[in-house]
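Commentary on secondary and tertiary structure
The residues making up each chain are set out below.
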Amino acid sequence: MALIHNLGFPRIGLKRELKKALESYWQEAIGREQLEQTGRALRRRHWEIQASAGLDWIPVGDFSWYDHVLDTTCLLGAIPERFGCSGSAVDLDTYFLMARGRAPGREPQPACELTKWFDTNYHYLVPELMPELKFSVSSEKLFAEFEEAKSILGQKAKPVLLGPLTWLYLGKCQGEVCAKLALLPRVLPVYGEILTRLASQGARWVQIDEPILALDLDQNWRAAFESAYYQLQIKDLNLLLAVYFGPLRDNLKLACELPVAGLHVDAVRAPEELERVHDWLPTHKVLSVGIIDGRNVWRTDLEEAWRRLKPLRTRPNLWLAPSCSLLHVPVDLGIETKLDEELKSWLAFAVQKLDELALLKKALGQGQNSIAARWEENRRALASRRTSARVTHPEARRRLTELTPAMEQRASPYLVRRQAQRQKHCLPLLPTTTIGSFPQTAAIRSKRQEFKQGKIDVTAYRSFLAEQIAECIRKQEACGLDVLVHGEVERSDMVEYFAEQLEGFAVTEHGWVQSYGSRCVRPPIVYGDVWRPEPMTVDWICYAQSLTSKPVKGILTGPVTMLKWSFVRDDQPPRDTCLQIALALRDEVGDLERAGITVIQIDEPALREGLPLRQEARSEYLHWATRAFRLASCGVRDDTQIHTHMCYAEFHDILPAIADLDADVITLETARSKMELLKTFACFRYANEIGPGIYDVHSPNVPSIGEMVSLLEQAVDCIPIERLWVNPDCGLKTRQWPEVEMALKNMVEAANIVRRRYTTNR
Ligand code: GLN
Ligand code: ZN
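Below you will find a few notes about this structure. (Residues numbered from 1 in each chain as written. Chains lettered and ligands numbered in written order. Predicted model: local features only at pLDDT ≥ 70, side-chain atom pairs only at ≥ 80, totals over all residues. Heavy atoms only, no water.)

Take the overall build of the protein next. From N to C terminus, the protein includes 27 helices and 22 strands. A compact globule built from 762 residues would reach a C-alpha radius of gyration of about 27 Å, and the protein, at 27 Å, matches this within 12%. For the protein, the spread of C-alpha atoms along the principal axes amounts to about 80 × 60 × 50 Å. Per-residue burial for the protein yields a buried fraction of 60% across its 762 residues. Taking the intrachain contacts of the protein between residues at least 6 apart in sequence as the baseline, contacts between residues at least 24 apart amount to 79%. Of note, the protein has its 95 positive side-chain charges centred 1 Å away from the centre of its 100 negative side-chain charges. (Helix = DSSP H or I, 4+ residues; strand = E, 2+ residues; numbered from the N terminus. Rg over C-alpha atoms; globule rule 2.2 N^0.38 Å. Buried < 20%, exposed > 50% of the residue type's maximum accessible area, 1.4 Å probe, protein only. Contact = heavy atoms within 4.5 Å. Lys, Arg positive; Asp, Glu negative; His and termini not counted. Charge placed at Lys NZ, Arg CZ, Asp CG, Glu CD.)

Consecutive side chains of a regular strand alternate in pointing toward one face of the sheet and then the other. Counting buried positions along strand β19 (residues 599-603) gives five out of five residues, so the element sits mostly inside the fold. Both faces of β19 are covered, namely the face carrying Val-599, Gln-601 and Asp-603 and the face carrying Ile-600 and Ile-602. Here β19 runs beside strand β20 (residues 641-646); their pairing, made up of five bridges, is parallel. Bridging from a neighbouring strand, Gln-601 pairs with His-643 of β20. Once you follow β19 into helix α23 (residues 618-633) and on to β20, the crossover reads as right-handed. (Pairing = 2+ DSSP bridges. Right-handed = clockwise from strand over helix to strand, strands pointing away.)

Looking at the zinc ion (ligand 2), one finds its protein donor set to be His-645 (NE2), Cys-647 (SG) and Cys-730 (SG), positioned 2.1 to 2.3 Å from the metal centre. Between the four donor atoms coordinating the zinc ion (ligand 2), the angles at the centre fall across 92 to 122°, so the site counts as tetrahedral. Along the chain, the residues donating to the zinc ion (ligand 2) fall in the pattern H-x1-C-x82-C. Taken individually, His-645 and Cys-647 each receive the classification buried, so the pair is uniform in this respect. (Donors = N, O, S within 2.8 Å, 3.2 Å for Na, K, Ca; no water. Tetrahedral: all angles 85-135°; square planar, octahedral: opposite > 155°, others 65-115°.)

Overall, parallel pairing links the eight strands, which are arranged β1-β12-β11-β10-β9-β8-β6-β2 in an open sheet. Of all the strands in the sheet, the pair left with one neighbour each is β1 (3-4) and β2 (58-60). Taken together, the three bridges between β2 and strand β6 (residues 157-162) define a ladder with parallel strand orientation. Its bridge partner lying in β6, Val-60 is registered against Pro-159.

Among the residues of helix α11 (residues 302-309), those classed as buried are Leu-302, Ala-305, Trp-306 and Leu-309. Take α11 and look down its axis: the buried residues cluster within an arc of 100°, on one side only. For α11, the secondary structure elements touched by its buried residues are β11 (286-292), β12 (318-322), α13 (350-366) and α14 (372-387). (Arc of directions from axis to C-beta.)

Right, let's get into the packing of helix α1 (residues 17-26) against helix α4 (residues 92-100). Two elements in contact, α1 and α4, have axes separated by 13 Å at closest approach and are oriented at 100°. In terms of their interaxial angle, α1 and α4 are classed as roughly perpendicular. Here Leu-22, Tyr-25 and Trp-26 of α1 lie close against α4, whose contacting residues are Asp-93, Phe-96 and Arg-100. Looking at side-chain class alone, the contact of α1 with α4 contains four nonpolar, no polar and two charged residues. (Axes fitted to C-alpha atoms, helices over the stretch in contact; angles between N-to-C directions. Parallel < 35°, antiparallel > 145°, perpendicular 65-115°, else oblique. Nonpolar A, V, L, I, M, F, W, Y, C, P; charged D, E, K, R; others polar.)

Now for the pattern of salt bridges. On inspection of all chains with the given rule, the structure shows 64 salt bridges. In this structure, the salt-bridge partner of Glu-147 is Lys-150, at a minimum N-O distance of 3.1 Å. Taken as a pair, Glu-147 and Lys-150 lie in helix α5 (residues 141-153) at a separation of three residues, close to a single helical turn. Using a relative accessible area of 38% as the deciding quantity, one classes Glu-147 as partly exposed. Classification of Lys-150 as partly exposed rests on a relative accessible area of 27%. Asp-591 is the partner of Arg-594 in a salt bridge, and the nearest nitrogen-oxygen pair spans 3.0 Å. (Salt bridge = Lys/Arg side-chain N within 4 Å of Asp/Glu carboxyl O.)

In this section: the side chain of Asp-591. By the secondary structure assignment, Asp-591 is in helix α22 (residues 574-594). Classification of Asp-591 by relative accessible area gives buried; the value is 17%. There is a polar contact of 3.0 Å between the side chain of Asp-591 and the side chain of Arg-594. Discounting residues that sit within four places of it in the chain, Asp-591 has contacts with Arg-532, Pro-535 and Val-538. (Polar contact = N/O pair within 3.5 Å; in protein donor to acceptor, adjacent residues only side chain to side chain.)

To continue, consider the site of ligand 1. Around ligand 1 sit Ile-435, Gly-436, Ser-437, Glu-488, Met-494, Ile-555, Asp-603, Pro-605, His-645, Cys-647, Cys-730 and Gly-731, and those are all the residues in its vicinity. Note that a nitrogen atom of ligand 1 is positioned 3.3 Å from one of the backbone N or O atoms of Ile-435. One of the side-chain N or O atoms of Asp-603 is found 2.6 Å from a nitrogen atom in ligand 1. In the complex, 90% of the free accessible area of ligand 1, which totals 300 Å², lies under the protein chains. (Near = heavy atom within 4 Å. Areas by Shrake-Rupley, 256 points an atom, 1.4 Å probe, with all protein chains shown as cover.)

Residue Phe-245 is not a glycine yet carries a positive backbone phi of 85°. Within the fold, Phe-245 resides in the loop between β9 (238-242) and α9 (252-257). A positive phi angle is found at Arg-249, which is not glycine, with a value near 50°. Following the sequence through the fold, Arg-249 ends up in the loop between β9 and α9.

Here we come to the nonpolar core. By size, the foremost hydrophobic cluster in this structure holds 119 residues, and its most contacted members are Trp-117, Trp-167, Tyr-229, Val-289 and Leu-320. If sequence neighbours within four positions are ignored, Tyr-229 has contacts with Gly-163, Pro-164, Leu-165, Ile-208, Glu-210, Leu-239, Leu-241, Leu-258, Pro-259 and Val-260. Val-568, Leu-661, Ala-663 and Phe-681 belong to the second-largest nonpolar core, a separate cluster that totals 104 residues. (Core = buried A, V, L, I, M, F, W, Y, C linked by side-chain atoms within 4.5 Å.)

The next thing to look at is the packing of α1 against helix α2 (residues 32-52). In a pair of packed helices, the angle between the axes and the distance between the axes together describe the arrangement. Two numbers describe how α1 lies on α2: the axes approach to 9 Å, and their chain directions differ by 170°. Judged by the angle between their axes, α1 and α2 are roughly antiparallel. Counting all contacts with α1, which are made through Glu-17, Leu-18, Ala-21, Leu-22 and Tyr-25, the residues of α2 involved are Arg-32, Leu-35, Thr-38, Leu-42 and Arg-45.

A few words on helix α8 (residues 219-231). With 13 residues, α8 should cover 18 Å at 1.5 Å per step; its first-to-last C-alpha distance of 19 Å lies within 8% of that length. If you check which residues of α8 are buried, you get Trp-221, Arg-222, Ala-224, Phe-225, Ala-228 and Tyr-229. End-on, the buried residues of α8 take up no more than an arc of 155°, which puts them together on one face. Turned more than 90 degrees away from the buried face of α8, the exposed residues are Gln-219, Asn-220, Tyr-230 and Gln-231. Packing partners of the buried residues in α8 comprise α6 (164-170), α7 (184-200), β8 (205-209), β9 and α9. With a side-chain oxygen lying 3.0 Å from the backbone nitrogen of Asn-220, the N-terminal cap of α8 falls on Asp-218. (Expected span 1.5 Å × (residues − 1).)

This brings us to the sheet that holds strand β13 (residues 503-506). Taken in spatial order, the three strands make up an open sheet running β13-β16-β18, and their pairing is mixed. At either end of the open sheet lies a strand with only one pairing partner, and these are β13 and β18 (567-568). Sheet topology note: the β13/strand β16 (residues 525-531) ladder contains three bridges and is antiparallel. Within β16, the residue paired with Ala-506 across the bridge is Ile-525. Here α22 sits on the sheet and contacts β13, β16 and β18; the angle it forms with β16, its principal contact strand, is near 50°.

See below:
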C-alpha cells in the first residue's frame, strides 16, 4: 500500500500570522516570548492539519522564522564574520540581523544577499562561503522542533533538511580563491552529526532536499554527490533524497544509485521520467512520486494521476506526495468568500492538495470505487473547467491565430525612430526620469482600505487619487525632471492592478504566498483567455498629462511579468497565455498613443527570472518572451517612445534577448553594482538608449550629487552620452517623500553638471 507524505507546508499562516508577529517583534511591539508562541501555535496548527488529512509522514523543520536556507546556514555555523558569533550558537537576533541587516544610524550592517530560489518567486538568503569557514552544529532549532513535533505527531514526524550539495551550490564565494566543493569535506561531518542526533532522538526518516539535481551539473558536482552520500550513511536512519522543480535527465542514473533509502521525484514537471525512475530505482528503495502540483493552484485531475500511477501500483515502498514543498501555494481555498463558486471548484490550495493526496492513496489501495462520490465530483469539476464559457473567449483565441511578423516589429529601425522622437520631444542631453511609482504613503494606503471597505464612494476615492497625482506632478516639476510619471498611486500592486481589469484573471482575498521573510505576495490566477474589456490606464495618465507641458510616461506591466507573477492556467502552453496578455496590452498601448501620450514604458522586471532552469529550454522561452514584449509594444508610430524597465537580475546571459525587445530606452538597476553591467552592454554594442540607475532605491540614504556625478561619468565612459538617460534603479514606492525629493533634486543637478562638462569640453 502506498504511503503519503508532504515535503513542506506554507509557514506564513492562513492569515499571515507569522508576518504580523515578525513585524511586531522587529518594531519591539511584542517580545521574544510572544513571537515564539506564535511560531509554536503555527507549527502545531500546520502539523494538525496534515495529520488530520491522513498523511503518514509529516515534515518537521520546514517552519522558518525567515528562510530555510538561512536556517541551514545557521545550523552549520557558517556565519559571516561581520555578525561576530563564530563558535557559539546563533541567537534569534543575530539570525534576523543576517536576514535584514541594520539600517544606517546604528552601526550599519549589510544583510546577506537575497536571491531567487530556483525558478520560484521565493527568495533565499545567499550563504557566504569563504575558504577559511569553520563548520559546527550551531543551532538547536531543528532538534527542538523535532521534539515538539514528536509530542504532537508521534512516529509520523519526519525532519526535513536542505542537502549539503544544494546548500553549497546556492552559496556565493567571497574572495578570489574559494572553490565551493573544497568546503564539502568540512561540511559533511557536521551533516553527519546532525543526522546522528536526529536518529538518536528517534527519527526514522529524514528528508534531505537536493533540488540542484534538476539542474545542468558538471562532472565535479556529480562526483561530489556520490562521495557525499556514501559518507552520510547513518545507522538506523533512512534518508529520502528529494529532487523537484524539473526532470533529472542526465542526473537520473546517479540519483537512482546513490546510497540513500529513498528518492522523491517531481512527476508534475517531469511525468515522462517516471517510468524510467520506476525501472532504475531498486525496489527495496522508497520511490516518492510528486504527483500533485506544488507550484500551481489547479485541482488535480485524479483520473490522470491515477493513469500515471497505475504502472507503479504493485511496487513495494511507494510513497505519494506533492511535487515540491507547498510553500509556493496559498494555504486554504476554504476561506475565499469572494471567488466565484465555479472557478473555486477548479482550484486547490495547500489544504485541498493534501486531501487529494489522501484520495489517491485510498483509490490506489482500495480501488476507485472506494471514493466514488469524490471521484465523480472531481470529474465534474474538471469537465466544467474544460467546457466553461468563462474560460474561452473566441475573439481572444482568433487573434492568436492571426499574428503576423509585421505586428512584432516597429515600422522603422531604431535610428530612424530616434530622429522622429528627438524632433518631437526636444529633450536635453542626459534626460532625467523616474521608473514609475512614488511613495505609497500611509494616507494612500488607508484611503484605499476605506474605499475597499465601502467607507468612501468611488467619487471621493477618485478625487483623492486626482489630488495625489497633481501633487506628484508638481513635485516632479519642482525637482526639474524631464520626463514625468503619474506616480502609480491607484495601483496597490503592479500586477494585481491589471489583473483586476483584464478578463481571464481572478484575484483572491487571502491567497498569500511568501516572497521573502515577512513579505508576501498574492498572485492573481489566470484561468481563461485574456482580453481587455476597456482601457485600464488611459484616464489617469491623460489626467496627469493635462497638468504639465512635460511628457508624462504611460506605465504598463509587461506580458512576461504579468505571467510570471501569477498562477497560470495549465491547459495551454504558457506561451499562448503570454501572447494573449501581450495583445491586451497592445490595445492599451494603442489607446494611450491615440490619447496623445508620447512615451510609454512597459515594465518587465520578471523577464530574466522566467528563464528555464535547464539550458536546453532557454532559447525557446526567450523567443516567445521577447515576441510577447514586441507584440505589446510595436504597434506604435516612430515618434512614440517605448521604454522598458528591468531590475534585480543577472542580465549578462540574456543581452541578445534584451536587444531583441527593441525598446527605444531601457532603464536598469545598476547603482549597487557600480555600473558593472554597463561594461557588458558596451561590449555587446547595445544600440538603443539606456538609463542605468544611479540612485539605489532600496536604501533610505540620499545619494549626494558627487556620488551620482561619479556614477554618471562611469556610464559616459561605457556608453555614448547621446544614448544615456538618468534615473533611479527602480520605483520609489517604498521610500518616503522627503528623502525622495532630496535625492531627485540631487540627481537632476548631477545630470546638469555632467551635461555642462560635456558640452563645454566639446
Ligand atoms: N513601474 C514600477 C514601479 O515604479 C516598476 C516596479 C519594478 O520594477 N518592480 O514601481
Ligand atoms: Zn524595478
